[in-house]
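# Structure assessment
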Amino acid sequence: EKFPLFAIVISARGILHFHGIYLEIREKSVEFSSQAMSDEYFYGVTLTGAAPTQTWDPFHGEDDQDMAVSNKLLVKMLLLGHDAPADEYNVVEVTTQTIDDVIKIPIGVLKVGEIRNICMELEFVAPVIFTLIKGAGPVHIHGHHLIGESSMEGTWAGEGEEEEEDEDGAEEDEDSGSARRKQKFPKTITKPGGVARKKNFSLLFFYFLAFLRYFPMKFSSRKSLSRVIHIPINWAVLVDTSRFWFNYRHVANVLSIYRSVKRLGIPDSQIILMIADDMACNPRNPRPATVFNNANQHINVYGDDVEVDYRGYEVTVENFVRLLTGRNKNGTTRSKKLLTDPGSNVLIYLTGHGGDGFLKFQDSEEITSQELADAIEQMWQKQRYNELFFMIDTCQAASMYEKFYSPNILAVASSLVGEDSLSHHVDPAIGVYIIDRYTYYALEFLEKVTPDSEKSMGEFLQVCPKRVCISTVGIRKDLYPRDPFKVPITNFFGSIRQTEIVRTRLNLTLPEEPQEITDSHPDEPVDYQLHLIEQFPSKLFQ
């Protein structure tokens with residue numbers, strides 16, 4: 001039986017490399033050792049432009065090459081250093097022994113702003129050479145050095161051979177085994193024959209077709225390749241921390257942002273919505289089951305399809321921190337988990353009452369700027385985001401991002417330390433302020449954004465100058481490696497979903513569709529046009 005296990009790596013030049021282990025078990029003459037590797041030690045090296053090559057050969061010069069078999073290197077991670085230059089690819093190549101020959105093949109491509117670390121499970125026997133063939137690094141290689149007896153013992157019986165051999169045959173096997181142990185690269189696995197090669201190639205070709213099916217694209221240019229491979233998986237965490245009727249505007253703030261990110265393509269399955277109070281069902285609400293963000297009550301932002309994940313007293317500091325760090329309690333439903341990965345871009349939006357270095361939850365507890373910074377650092381250490389956009393609308397909001405120290409964070413706040421964040425206008429029918437000033441102008445900008453928009457994050461950071469916000473908008477860009485004016489706003493506020501448009505009706509509810517219901521002109525092309533209701537008509541306030 002054959003077990004082709006391999007990974008696919010795409011180099012900086014758009015070349016596909018297939019990695020794997022080929023194992024062929026012939027007859028039943030292989031006995032696996034009952035004793036596993038007895039010792040395990042940490043292994044780590046650093047590749048730089050000045051020292052681009054590192055060799056792992058723990059028993060270099062030893063006569064007994066059996067020691068090389070019982071020493072294995074398990075590579076777990078490639079990590080790009082914090083001081084690596086931006087806009088530069090770093091390609092790590094390995095030189096190792098295969099079943100046929102010594103090969104050189106890339107095992108990782110790293111770049112600041114795109115991917116800074118790669119987790120893997122690659123096992124090697126000595127000697128192994130790691131080379132930084134492109135870029136200045138530094139690239140850190142982490143893994144485990146495993147020491148113990150050989151993981152396989154026994155002889156290999158060829159196809160059609162008898163299991164029992166005479167003494168002369170056994171002696172010849174011992175001699176041949178000794179000869180094999182003296183080779184530089186011990187070959188304890190029988191080389192497959194022509195039939196096995198064809199089967200292995202068929203399996204390889206099958207997985208290649210599966211790869212193409214999963215990534216439907218044209219390899220005609222490097223541009224088209226990079227556009228597909230680097231599509232981020234966007235998530236949004238939207239939090240209102242205030243209770244009570246007079247904080248109606250905070251609920252309207254978060255529901256307005258929620259509707260905007262949904263309109264731009266982020267599905268409910270990738271939005272975590274936390275609302276501390278149910279304004280739609282508050283007895284003071286003159287229009288039950290509705291929440292509006294403008295005085296003319298143009299559109300109900302509560303809508304019919306709002307999915308609130310944390311409601312009322314579930315909105316606590318503990319649940320918020322557990323959500324970010326992935327330390328959910330046992331029994332937490334999937335819809336209440338932030339299931340991000342190293343390739344995810346995350347939008348965090350907070351609104352409520354705050355002060356210098358804290359944000360109040362439920363008017364009964366608070367989260368400090370240091371606690372928030374530590375939670376985001378846990379996200380980074382646990383590879384729970386690629387890039388993070390932090391947006392907060394509260395008094396002295398900038399104090400909440402001052403303690404951040406994790407990479408790839410872009411932050412914006414509605415007010416600086418010592419300033420209040422003000423509301424925009426009152427709805428006389430409801431009797432309270434219904435939206436905050438900074439969120440109002442942010443929504444006005446987002447309403448002009450479409451899923452294929454070319455507007456940038458740099459433009460979004462300028463949406464509320466002091467003459468209209470009254471407070472000074474705070475921006476922090478020192479942790480973010482890229483120019484915000486070159487980052488599409490849909491990298492955080494939108495998402496790309498695979499959608500198939502069909503021109504015929506689909507029966508989703510009826511067990512059997514009546515025969516008399518047919519399409520009048522099934523072959524006639526139809527011009528489909530989608531129209532979205534304007535969420536925030538700025539003309540109402542001109």
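Residues numbered from 1 in each chain as written. Predicted model: local features only at pLDDT ≥ 70, side-chain atom pairs only at ≥ 80, totals over all residues. Heavy atoms only, no water.

## Here we look at the state of the cysteines
In total, this model carries one disulfide according to the counting rule given. The disulfide that involves C464 links it to C469, with 1.5 Å between the sulfurs. Across the disulfide from C464 to C469, rotation about the S-S bond amounts to roughly 110°, and the bridge is consequently right-handed. The same class applies to C464 and to C469, which are both buried. (Disulfide = S-S within 2.5 Å. Buried < 20%, exposed > 50% of the residue type's maximum accessible area, 1.4 Å probe, protein only.)

## Points about the sheet that holds strand β19 (residues 365-368)
Strands pair in a sheet through their backbones, by hydrogen bonds, and they do so in one of two ways: parallel or antiparallel. Spatial ordering of the open sheet is given by β17-β18-β19, a layout of three strands whose pairing is antiparallel. The open sheet is flanked by β17 (354-355) and β19, the only strands paired with a single partner. Pairing analysis gives two bridges linking β17 to strand β18 (residues 358-361), with the strands arranged antiparallel. Paired with G355 across the strands is F358, a residue of β18. (Pairing = 2+ DSSP bridges. Helix = DSSP H or I, 4+ residues; strand = E, 2+ residues; numbered from the N terminus.)

## Points about the packing of aromatic side chains
For any two aromatic rings, the description comes down to two numbers: the centre-to-centre distance and the angle of the planes. The full count for this structure, using the stated rule, is 12 aromatic pairs. When the ring of F124 is compared with that of F130, the centres are 6.2 Å apart and the planes differ by 90°; the resulting orientation is edge-to-face. Judged by its relative accessible area of 0%, F130 is buried. With 5.9 Å between their ring centres and 40° between their planes, F320 and F361 make a pair best called tilted. Note that F320 is positioned in helix α6 (residues 317-325) and F361 in strand β18, a separation of 41 residues in sequence. The burial state of F320 is the same as that of F361; both residues are buried. Three or more aromatic residues joined by ring pairs make a cluster, and in this case those are F389, F445, F460, F492 and F493. The ring of Y313 has R243 sitting right over it, with the charged end atom 4.3 Å from the ring centre. (Phe/Tyr/Trp six-rings, centres within 6.5 Å; stacked < 30°, edge-to-face > 60°. Lys NZ or Arg CZ within 6 Å of the ring centre and 35° of its normal.)

## Observations regarding the pairing of strand β23 (residues 432-436)
Regular strands place their side chains on alternate faces of the sheet. Most of β23 sits out of view: four of its five residues are buried. Once strand β22 (residues 423-427) ends, the chain turns through four residues before running back antiparallel as β23, passing G431 with a positive phi of about 90°.

## So, the pattern of salt bridges
For the coordinates displayed, the defined rule picks out 14 salt bridges. The partner of E121 in a salt bridge is K76, and the shortest N-O contact between them spans 2.4 Å. Of this pair, E121 sits in strand β9 (residues 117-125) while K76 sits in strand β6 (residues 71-80), and the two are 45 residues apart along the sequence. What makes E121 exposed here is its relative accessible area of 52%. We classify K76 as partly exposed; its relative accessible area is 28%. Across the pair E318 and R322 runs a salt bridge, and its minimum N-O distance is 3.0 Å. (Salt bridge = Lys/Arg side-chain N within 4 Å of Asp/Glu carboxyl O.)

## Digging into the confidence of the model for the protein chain
Per-residue confidence for the protein chain gives a mean pLDDT of 76; residues scoring 70 or more make up 67%. Within the model, the stretch residues 1-6 combines pLDDT values under 50 with 23 contacts to residues more than four positions away or in other chains. Within the model, the stretch residues 21-36 combines pLDDT values under 50 with 50 contacts to residues more than four positions away or in other chains. (pLDDT = per-residue confidence, 0-100. Contact = heavy atoms within 4.5 Å.)

## Side note on unusual backbone geometry
Cis geometry marks the peptide bond from A126 to P127, where omega comes out at -5°. Looking at the secondary structure, you find P127 in the loop between β9 and β10 (128-134). The omega torsion of the bond from G137 to P138 falls at 0°, within 30 degrees of zero and hence cis. When you line up the elements, P138 lands in the loop between β10 and β11 (139-147). Look at A289: it is not a glycine, yet its phi comes out positive at around 65°. Note on placement: A289 falls in the loop between β14 (271-275) and β15 (310-311). In this structure, I470 is a non-glycine residue whose phi angle is positive, near 70°. Take I470: it is sitting in the loop between α10 (466-469) and β24 (474-476). Note on I470: relative accessible area 45%, which makes it partly exposed.

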